[in-house]
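# Residue-level structure breakdown
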Amino acid sequence: MKKILSVVVLSACALFTGLAQAEYVIKFSHVVTPTTPKGKAAQYFADQVNEKMAGKVRVEVFPNSQLYNDNKVMEAMRLASGNTGLMAAPSLSKFVKFSKKLQVFDIPFLFNDINDVHKLVDSPVVDEMIAPLEKKGIKALGFWDNGLKVFSINGDKPLLVTPQDFNGKKFRIQSSEVHEAMIKALGGTPQKLPFKEVYTALGQGVVDGQENAWSNIYSKKFYEVQSYITVSNHSYLGYLLVVSSEFWNSLPDDIRTELSAIIKDATMKGRVFAAEADSGDRQKIEEDKYAKVVDMTPEQRASFRAATSKVEDQFRDQIGADLLKKVHATIGH
Ligand code: LMR
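Think of each chain on its own: its residues are numbered from 1, step by step along the sequence as written. Predicted model: local features are reported for residues with pLDDT of at least 70 only, side-chain atom pairs are reported and counted for 80 or more only, and whole-chain, interface and lining totals are derived from all residues. The side-chain figures draw on all heavy atoms in the structure; neither hydrogens nor water molecules are used.

Our focus in this paragraph is the pairing of strand S9 (residues 228-231). Throughout this description, buried means an accessible area under 20% of the type-specific maximum (1.4 Å probe, protein chains only), exposed means over 50%, and partly exposed covers the range between. A run of H or I in DSSP counts as a helix once it spans at least four residues, and a run of E counts as a strand once it spans at least two, with each numbered from the N terminus. Neither face of S9 is open: one carries Tyr228 and Thr230, the other Ile229 and Val231, and all of them are buried. Should DSSP find at least two bridges between two strands, the strands are regarded as paired. Pairing between strand S5 (residues 150-153) and S9: three bridges, direction antiparallel. By the bridge assignment for S9, Ile153 is matched with Tyr228. By the bridge criterion, four bridges tie S9 to strand S11 (residues 292-295) in an arrangement that is parallel. Its bridge partner being in S11, Val231 is matched across the sheet by Asp295.

Right, let's talk about helix H4 (residues 114-121) for a bit. One turn of an α-helix holds 3.6 residues; hence residues three or four places apart share an orientation. Taken together, the buried positions of H4 are occupied by Asp116, Val117, His118, Leu120 and Val121. On its buried side, H4 packs onto helix H5 (125-135), strand S4 (138-148), strand S10 (236-244), helix H10 (253-288) and helix H13 (321-331). N or O atoms within 3.5 Å of each other form a polar contact, as long as, within protein, one can give a hydrogen and the other can take it, and as long as residues adjacent in sequence are counted only when both atoms are side-chain atoms. The opening residue of H4 is Asp113, an N-cap whose side-chain oxygen sits 3.1 Å from the backbone nitrogen of Asn115. Between two residues, a contact is recorded if the distance between any of their heavy atoms is within 4.5 Å.

Turning next to the confidence of the model for the protein. Low pLDDT marks stretches whose predicted atomic positions should not be read closely. The pLDDT averaged across the protein works out to 92; a share of 92% of its residues lies at or above 70. For every residue, the predictor assigns a confidence score, pLDDT, that lies between 0 and 100. Note on residues 1-20: pLDDT is under 50 here. Beyond four places in sequence and across chains, it has two contacts.

Nearness here has a simple test: a residue counts as near a molecule or strand if at least one of its heavy atoms is within 4 Å of that partner. Neighbouring the ligand are the residues Val31, Val32, Lys38, Ser91, Lys94, Arg172, Gln174, Phe195, Asn212, Asn216, Leu237 and Tyr239. Take Gln174: an N or O atom from its side chain is 2.9 Å from an oxygen atom of the ligand. The separation between an oxygen atom of the ligand and a polar side-chain atom of Tyr239 is 2.5 Å. The Shrake-Rupley method, run with a 1.4 Å probe, gives the accessible areas here. Residue values count only the displayed protein chains as cover. Computed on the free molecule, the ligand has an accessible area of 270 Å², of which 100% lies beneath the protein chains in the complex. Polarity classes work like this: nonpolar for Ala, Val, Leu, Ile, Met, Phe, Trp, Tyr, Cys and Pro, charged for Asp, Glu, Lys and Arg, and polar for all others, with Gly in that last group. Each residue belonging to the shell around the ligand can be placed in one class, and the counts come to five nonpolar, four polar and three charged.

Now for H5. Residues of H5 that are buried include every one of Val125, Val126, Met129, Ile130, Pro132 and Leu133, and no others. The arc enclosing the buried residues of H5, seen along the axis, measures out at 135°, which places them on a common side. On its buried face, H5 is in contact with H4, S4, S10 and H13. With its phi angle positive at about 80°, Gly137 sits one or two positions after the end of H5. The arc refers to the directions leading from the helix axis to the C-beta atoms.

Here's what the structure looks like:
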């Protein structure tokens, strides 16, 4: 009994000293598994901060929607106060409430590959897109990669090879109006669902298909309840690392500078994690043989692109025609 008591007291002391040691605590909430590009980048960021800034800042990571889902986290972030800040990296698609300009990232077939994405996020053009967030109390700290998305579907033939295959099918989408317009343009029915509900919704037939990056399809086992995956690479899944402006501005200058440097490092590391997952997770899915992976021919991709080309026009006013021009000029097409 005595032994148990002293263990409890010692652990409590260790916990207390740990807590007392850090001046600031950052809780990093995300919805994916620790093995995905975002999960790894978040953990890398935490490890670097906890090592290099011990005593000043401590980061705790909460994966798998343990703390909040993406829609709730933004509200919780703005309510957090004191020396504990809430950090998150929701997908860019989930920011429409805060900046309509960020809808650029959801436009189908805007990016040919990840290099196009990097040209844009490494340019000053993105400043215009994140400016509206500041007015809403959100500080954007970095663009984190996942990768281009592919479509998956449940059915008895290799679906989604032509846009007509969408007819009569229901697709889970993120809370993005652009995604909604894209699925409708293809003839399908979009259904917005939180990420943590996707596996069950696919498994129970609430929806027939979904679109996501390879790492999410693999780590959340979507491919086990889907029969085909079409390598459409039709649009981008990336993240915006955010914290409340109030918390960020309350940090002493030196802490902000150190954190910014670690964030930059984690952002670059994240690109490596994303590139690895892109090929690695596709391969693992193919090896597991649940869902058949179907590549698109250039002609099929062209007809896909043509079917969704009106989506950009639909959102031109919301995003801003000038901004769209700058985006195209930056990407080079
Ligand atoms: C999704 O909801 O499909 C993604 O945004 C999940 C994520 O964070 O990668």
